[in-house]
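# Secondary and tertiary structure notes
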Amino acid sequence: MTRGRRSRGWFITIEGPDGSGKTDQAARLRARARAAGIPFVLAREPGGTAAGERIRDILFGSGAVSAGLDRRTDALLFNASRAQLVAEVVEPGLADGALVVATRFADSTVAYQGHGSGLSVEDLRTIERFTTAGLRPDLTILLDLEPEIGLGRKAVDDHNKFETHFDLDFHRRVRAGYLAMATDEPERFAIVDANRPAGDVFGDVLRAIGRLPDGPDLGVAGSDSDSRSEPRAARSRIPG
Ligand code: TYD
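Quick summary incoming for the structure in this document. Owing to the predicted nature of the structure, the values given are computational and were not obtained by experimental measurement.

The rules behind these values
- Residues numbered from 1 in each chain as written.
- Predicted model: local features only at pLDDT ≥ 70, side-chain atom pairs only at ≥ 80, totals over all residues.
- Heavy atoms only, no water.
- Helix = DSSP H or I, 4+ residues; strand = E, 2+ residues; numbered from the N terminus.
- Buried < 20%, exposed > 50% of the residue type's maximum accessible area, 1.4 Å probe, protein only.
- Contact = heavy atoms within 4.5 Å.
- Areas by Shrake-Rupley, 256 points an atom, 1.4 Å probe, with all protein chains shown as cover.
- Phe/Tyr/Trp six-rings, centres within 6.5 Å; stacked < 30°, edge-to-face > 60°.
- Core = buried A, V, L, I, M, F, W, Y, C linked by side-chain atoms within 4.5 Å.
- Pairing = 2+ DSSP bridges.
- Axes fitted to C-alpha atoms, helices over the stretch in contact; angles between N-to-C directions.
- Salt bridge = Lys/Arg side-chain N within 4 Å of Asp/Glu carboxyl O.
- Near = heavy atom within 4 Å.
- Polar contact = N/O pair within 3.5 Å; in protein donor to acceptor, adjacent residues only side chain to side chain.
- Nonpolar A, V, L, I, M, F, W, Y, C, P; charged D, E, K, R; others polar.

### What to know about the overall build of the chain
- Broken down by element type, the chain carries 10 helices and five strands.
- Looking at the chain residue by residue over its 240 residues, the buried ones come to 49%.
- Of the contacts made within the chain by residues no fewer than 6 positions apart, 79% connect residues no fewer than 24 positions apart.
- Here the chain displays about 11,200 Å² of accessible surface, and carbon together with sulfur accounts for 52% of that area.

### Comments concerning the packing of aromatic side chains
- Enumeration according to the criterion identifies nine aromatic pairs in this entry.
- With centroids separated by 5.9 Å and ring planes inclined at 70°, the aromatic side chains of F60 and F162 adopt a geometry described as edge-to-face. A residue pair is termed long-range when its members are at least 10 positions apart, and F60 in helix α2 (residues 50-60) and F162 in helix α8 (residues 161-165) qualify at 102 residues.
- Here F60 falls in the partly exposed class, since its relative accessible area comes to 23%.

### Structural notes on the nonpolar core
- Grouped together as the largest cluster of nonpolar side chains are 26 residues, with contacts concentrated most on L29 and L99.
- Where this core is concerned, the elements lending two or more residues are β1 (10-15), α1 (22-35), β3 (99-103), β4 (139-144), β5 (189-193) and α10 (198-210).
- The biggest single contributor to this core is α10, with six residues.
- Look past the residues within four positions of L99 in its chain and what remains in contact with it is W10, I12, A33, I38, P39, F40, V41, P216 and L218.
- Counting residues in each nonpolar core, the second largest holds 19 residues, with I55, A111, F162 and V174 among its members.

### A short note on the sheet that holds strand β2 (residues 40-44)
- Taken in spatial order, the five strands make up an open sheet running β2-β3-β1-β4-β5, and their pairing is parallel. Looking at the sheet topology across the chains shown, the edges are occupied by β2 and β5. Adjacent strand axes in the sheet meet at a mean angle of 20° when their direction is disregarded.
- Inspection of the sheet shows β2 paired to β3 by five bridges, in the parallel sense. If you follow R44 over to β3, its bridge partner there is T103.

### Observations concerning the pattern of salt bridges
- Following the criterion strictly, the structure yields 17 salt bridges and no others.
- Of the charged contacts in the structure, one is a salt bridge between D18 and R104, with a shortest N-O distance of 3.8 Å. With D18 in the loop between β1 and α1 and R104 in the loop between β3 and α5 (106-116), the pair connects residues that are 86 residues apart, well separated along the chain. R104 shares its class with D18; the two are buried.

### Describing the site of the ligand
- Surveying the vicinity of the ligand reveals 16 residues, the closest of which are D18, R104, T109, Y112 and Q113.
- A distance of 3.4 Å separates an oxygen atom of the ligand from a polar side-chain atom of K22.
- Between the ligand and Q113 there is a distance of 2.8 Å, counted from a nitrogen atom to a side-chain nitrogen or oxygen.
- Considered on its own, the ligand offers 540 Å² of accessible surface; in the complex 90% of this is hidden by protein.
- Among the elements of the structure, α2, α4 (71-95) and α5 are those that each provide at least two residues to the shell around the ligand.
- Residue contributions to the shell around the ligand peak at four residues, all from α5.
- Here the shell around the ligand is composed, by residue class, of five nonpolar, four polar and seven charged.

The structure is reproduced here in C-alpha coordinates:
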(Lines give C-alpha, C1' and ligand atoms only; values in the text may rest on other atoms or scores of the structure.)
Protein backbone atom coordinates (compact mmCIF):
# COMPACT_ATOMS: atom_id res chain seq x y z
CA MET A 1 0.00 0.00 0.00
CA THR A 2 1.26 3.44 -0.80
CA ARG A 3 0.73 6.40 1.39
CA GLY A 4 0.07 8.42 -1.72
CA ARG A 5 -1.19 11.55 -0.13
CA ARG A 6 -1.41 13.17 3.24
CA SER A 7 -3.02 16.41 4.26
CA ARG A 8 0.31 18.17 4.39
CA GLY A 9 2.84 16.95 1.82
CA TRP A 10 6.57 16.37 2.21
CA PHE A 11 9.27 18.91 1.53
CA ILE A 12 12.61 17.44 0.50
CA THR A 13 15.57 19.50 -0.64
CA ILE A 14 18.53 18.24 -2.61
CA GLU A 15 21.72 20.16 -1.97
CA GLY A 16 25.31 19.81 -2.97
CA PRO A 17 28.16 21.32 -4.91
CA ASP A 18 27.94 22.15 -8.59
CA GLY A 19 27.88 19.03 -10.74
CA SER A 20 26.79 16.69 -7.94
CA GLY A 21 23.78 15.40 -9.89
CA LYS A 22 20.89 17.14 -8.11
CA THR A 23 18.77 17.57 -11.23
CA ASP A 24 19.19 13.94 -12.24
CA GLN A 25 18.24 12.66 -8.77
CA ALA A 26 15.17 14.92 -8.74
CA ALA A 27 14.10 13.51 -12.12
CA ARG A 28 14.44 9.98 -10.75
CA LEU A 29 12.33 10.93 -7.75
CA ARG A 30 9.67 12.38 -10.03
CA ALA A 31 9.52 9.12 -11.99
CA ARG A 32 9.23 7.10 -8.75
CA ALA A 33 6.54 9.37 -7.35
CA ARG A 34 4.50 9.15 -10.53
CA ALA A 35 4.77 5.37 -10.59
CA ALA A 36 3.59 5.28 -6.96
CA GLY A 37 0.71 7.68 -7.66
CA ILE A 38 2.11 10.34 -5.37
CA PRO A 39 1.56 13.93 -6.51
CA PHE A 40 4.93 15.52 -7.22
CA VAL A 41 6.10 19.10 -7.51
CA LEU A 42 9.58 20.12 -8.60
CA ALA A 43 10.91 23.44 -7.32
CA ARG A 44 13.99 24.73 -9.07
CA GLU A 45 16.36 27.25 -7.52
CA PRO A 46 17.19 29.91 -8.40
CA GLY A 47 14.15 30.51 -10.58
CA GLY A 48 11.12 28.25 -10.75
CA THR A 49 8.61 31.10 -11.06
CA ALA A 50 8.21 33.89 -13.63
CA ALA A 51 9.65 36.43 -11.18
CA GLY A 52 12.34 33.97 -10.11
CA GLU A 53 13.48 33.44 -13.70
CA ARG A 54 13.82 37.23 -14.10
CA ILE A 55 15.89 37.32 -10.92
CA ARG A 56 17.95 34.42 -12.25
CA ASP A 57 18.70 36.54 -15.33
CA ILE A 58 20.06 39.32 -13.13
CA LEU A 59 22.18 36.80 -11.20
CA PHE A 60 23.53 34.84 -14.14
CA GLY A 61 22.81 36.85 -17.31
CA SER A 62 25.80 37.62 -19.47
CA GLY A 63 27.37 41.03 -19.03
CA ALA A 64 28.31 43.55 -16.43
CA VAL A 65 25.19 43.45 -14.25
CA SER A 66 25.68 39.87 -13.15
CA ALA A 67 29.47 40.08 -12.94
CA GLY A 68 29.32 43.26 -10.84
CA LEU A 69 26.90 42.10 -8.16
CA ASP A 70 28.03 42.49 -4.59
CA ARG A 71 27.86 39.29 -2.52
CA ARG A 72 25.12 40.88 -0.37
CA THR A 73 23.11 41.60 -3.49
CA ASP A 74 23.61 37.98 -4.55
CA ALA A 75 22.33 36.80 -1.17
CA LEU A 76 19.25 39.02 -1.29
CA LEU A 77 18.40 38.11 -4.88
CA PHE A 78 18.62 34.38 -4.14
CA ASN A 79 16.32 34.99 -1.18
CA ALA A 80 13.89 37.08 -3.22
CA SER A 81 13.64 34.29 -5.79
CA ARG A 82 13.14 31.80 -2.94
CA ALA A 83 10.38 33.81 -1.27
CA GLN A 84 8.39 33.76 -4.51
CA LEU A 85 9.07 30.04 -4.98
CA VAL A 86 7.81 29.27 -1.48
CA ALA A 87 4.66 31.33 -2.00
CA GLU A 88 3.87 30.17 -5.55
CA VAL A 89 5.13 26.60 -5.70
CA VAL A 90 6.27 25.02 -2.42
CA GLU A 91 3.46 25.97 -0.03
CA PRO A 92 0.63 25.27 -2.52
CA GLY A 93 2.23 21.89 -3.30
CA LEU A 94 2.48 21.01 0.39
CA ALA A 95 -1.12 22.14 0.93
CA ASP A 96 -2.14 19.74 -1.88
CA GLY A 97 -0.38 16.86 -0.11
CA ALA A 98 2.36 16.57 -2.73
CA LEU A 99 5.95 15.46 -2.49
CA VAL A 100 7.73 18.76 -3.14
CA VAL A 101 11.38 18.41 -4.14
CA ALA A 102 13.61 21.48 -4.38
CA THR A 103 16.98 21.31 -6.09
CA ARG A 104 18.75 23.82 -3.87
CA PHE A 105 17.11 25.85 -1.13
CA ALA A 106 18.18 28.03 1.79
CA ASP A 107 21.23 25.90 2.64
CA SER A 108 22.70 26.88 -0.75
CA THR A 109 22.84 30.52 0.33
CA VAL A 110 24.51 29.58 3.60
CA ALA A 111 27.00 27.37 1.73
CA TYR A 112 27.84 29.75 -1.15
CA GLN A 113 27.28 33.29 0.16
CA GLY A 114 28.11 32.32 3.76
CA HIS A 115 30.91 29.75 3.81
CA GLY A 116 32.04 30.49 0.24
CA SER A 117 31.85 34.30 0.07
CA GLY A 118 32.26 35.02 3.77
CA LEU A 119 28.93 36.60 4.74
CA SER A 120 27.72 36.00 8.28
CA VAL A 121 25.94 32.64 8.51
CA GLU A 122 23.90 33.97 11.42
CA ASP A 123 22.67 36.93 9.33
CA LEU A 124 21.85 34.61 6.45
CA ARG A 125 19.79 32.33 8.72
CA THR A 126 17.88 35.42 9.93
CA ILE A 127 17.14 36.41 6.33
CA GLU A 128 16.15 32.79 5.63
CA ARG A 129 13.50 32.86 8.37
CA PHE A 130 11.99 35.98 6.86
CA THR A 131 12.17 34.57 3.31
CA THR A 132 10.60 31.20 4.02
CA ALA A 133 8.27 32.33 6.83
CA GLY A 134 9.93 29.60 8.90
CA LEU A 135 9.38 26.75 6.41
CA ARG A 136 12.16 24.19 6.69
CA PRO A 137 12.66 20.93 4.77
CA ASP A 138 11.50 17.62 6.26
CA LEU A 139 14.67 16.14 4.82
CA THR A 140 17.74 17.54 3.09
CA ILE A 141 19.77 15.19 0.94
CA LEU A 142 23.34 16.38 0.63
CA LEU A 143 24.97 14.97 -2.49
CA ASP A 144 28.55 15.19 -1.32
CA LEU A 145 31.33 15.41 -3.85
CA GLU A 146 34.84 16.78 -4.14
CA PRO A 147 34.59 20.09 -5.99
CA GLU A 148 37.22 19.09 -8.54
CA ILE A 149 35.02 16.21 -9.63
CA GLY A 150 31.79 18.23 -9.71
CA LEU A 151 33.26 21.11 -11.67
CA GLY A 152 34.88 18.69 -14.09
CA ARG A 153 31.51 17.10 -14.87
CA LYS A 154 30.22 20.27 -16.53
CA ALA A 155 31.38 21.62 -19.89
CA VAL A 156 33.38 24.82 -19.38
CA ASP A 157 31.01 26.88 -21.56
CA ASP A 158 28.18 25.69 -19.28
CA HIS A 159 29.88 27.12 -16.17
CA ASN A 160 27.95 29.80 -14.26
CA LYS A 161 29.63 32.76 -12.60
CA PHE A 162 30.27 30.84 -9.38
CA GLU A 163 32.08 28.18 -11.33
CA THR A 164 33.94 30.64 -13.58
CA HIS A 165 34.94 33.42 -11.19
CA PHE A 166 35.55 31.56 -7.94
CA ASP A 167 38.58 29.44 -7.30
CA LEU A 168 38.83 25.92 -6.02
CA ASP A 169 39.25 27.14 -2.44
CA PHE A 170 35.84 28.82 -2.68
CA HIS A 171 34.27 25.52 -3.72
CA ARG A 172 36.15 23.65 -0.98
CA ARG A 173 34.69 26.07 1.58
CA VAL A 174 31.22 25.48 0.09
CA ARG A 175 31.62 21.73 0.50
CA ALA A 176 32.99 22.05 4.04
CA GLY A 177 30.09 24.38 4.86
CA TYR A 178 27.56 21.82 3.69
CA LEU A 179 29.23 19.10 5.75
CA ALA A 180 29.23 21.36 8.82
CA MET A 181 25.50 22.02 8.38
CA ALA A 182 24.87 18.28 8.15
CA THR A 183 26.84 17.73 11.35
CA ASP A 184 24.84 20.47 13.10
CA GLU A 185 21.47 19.06 12.05
CA PRO A 186 21.94 15.30 11.67
CA GLU A 187 18.21 14.64 12.01
CA ARG A 188 17.42 16.79 8.95
CA PHE A 189 20.37 15.87 6.72
CA ALA A 190 21.28 12.69 4.90
CA ILE A 191 24.77 12.74 3.38
CA VAL A 192 25.03 10.69 0.20
CA ASP A 193 28.32 10.01 -1.55
CA ALA A 194 27.70 11.40 -5.05
CA ASN A 195 30.94 10.09 -6.55
CA ARG A 196 29.26 6.89 -7.73
CA PRO A 197 26.99 5.81 -10.56
CA ALA A 198 23.69 7.74 -10.45
CA GLY A 199 21.65 4.56 -9.86
CA ASP A 200 23.65 3.74 -6.73
CA VAL A 201 23.29 7.29 -5.49
CA PHE A 202 19.54 7.02 -6.07
CA GLY A 203 19.38 3.86 -3.96
CA ASP A 204 20.75 5.85 -1.02
CA VAL A 205 18.37 8.74 -1.73
CA LEU A 206 15.42 6.33 -1.54
CA ARG A 207 16.75 4.79 1.66
CA ALA A 208 17.06 8.25 3.24
CA ILE A 209 13.47 9.06 2.29
CA GLY A 210 12.39 5.66 3.57
CA ARG A 211 13.67 6.62 7.03
CA LEU A 212 11.39 9.68 7.21
CA PRO A 213 8.70 9.12 9.82
CA ASP A 214 5.40 8.93 7.91
CA GLY A 215 7.32 9.56 4.67
CA PRO A 216 6.08 8.94 1.12
CA ASP A 217 6.24 5.29 0.04
CA LEU A 218 8.30 5.35 -3.15
CA GLY A 219 8.91 1.62 -3.32
CA VAL A 220 11.79 -0.58 -2.31
CA ALA A 221 15.15 1.16 -2.48
CA GLY A 222 17.30 -0.07 -5.32
CA SER A 223 14.76 -2.38 -6.99
CA ASP A 224 14.72 -0.43 -10.24
CA SER A 225 16.78 2.46 -9.12
CA ASP A 226 18.32 3.02 -12.52
CA SER A 227 15.01 3.19 -14.31
CA ARG A 228 14.11 6.62 -15.55
CA SER A 229 11.08 5.61 -17.58
CA GLU A 230 8.00 7.67 -17.01
CA PRO A 231 4.40 7.05 -18.02
CA ARG A 232 3.77 8.65 -21.39
CA ALA A 233 0.86 10.75 -20.12
CA ALA A 234 2.77 11.91 -17.07
CA ARG A 235 2.41 15.53 -16.09
CA SER A 236 4.56 17.51 -13.73
CA ARG A 237 1.83 17.43 -11.13
CA ILE A 238 -0.71 14.66 -10.75
CA PRO A 239 -3.98 15.83 -9.26
CA GLY A 240 -6.33 13.64 -7.27
P1 TYD B 1 22.77 26.35 -11.64
O2 TYD B 1 23.23 26.53 -13.03
O3 TYD B 1 21.32 26.27 -11.36
O4 TYD B 1 23.59 25.17 -11.03
P5 TYD B 1 23.15 23.89 -10.28
O6 TYD B 1 22.54 23.01 -11.32
O7 TYD B 1 24.44 23.37 -9.72
O8 TYD B 1 22.20 24.32 -9.20
O9 TYD B 1 23.39 27.56 -10.82
C10 TYD B 1 23.15 27.78 -9.52
C11 TYD B 1 24.40 28.41 -8.98
O12 TYD B 1 24.05 29.37 -8.02
C13 TYD B 1 25.30 27.40 -8.30
O14 TYD B 1 26.65 27.66 -8.65
C15 TYD B 1 25.10 27.70 -6.84
C16 TYD B 1 24.70 29.14 -6.82
N17 TYD B 1 23.80 29.49 -5.72
C18 TYD B 1 24.24 30.34 -4.74
O19 TYD B 1 25.38 30.80 -4.76
N20 TYD B 1 23.38 30.67 -3.72
C21 TYD B 1 22.10 30.22 -3.66
O22 TYD B 1 21.35 30.55 -2.74
C23 TYD B 1 21.65 29.34 -4.71
C24 TYD B 1 20.25 28.82 -4.70
C25 TYD B 1 22.54 29.00 -5.72
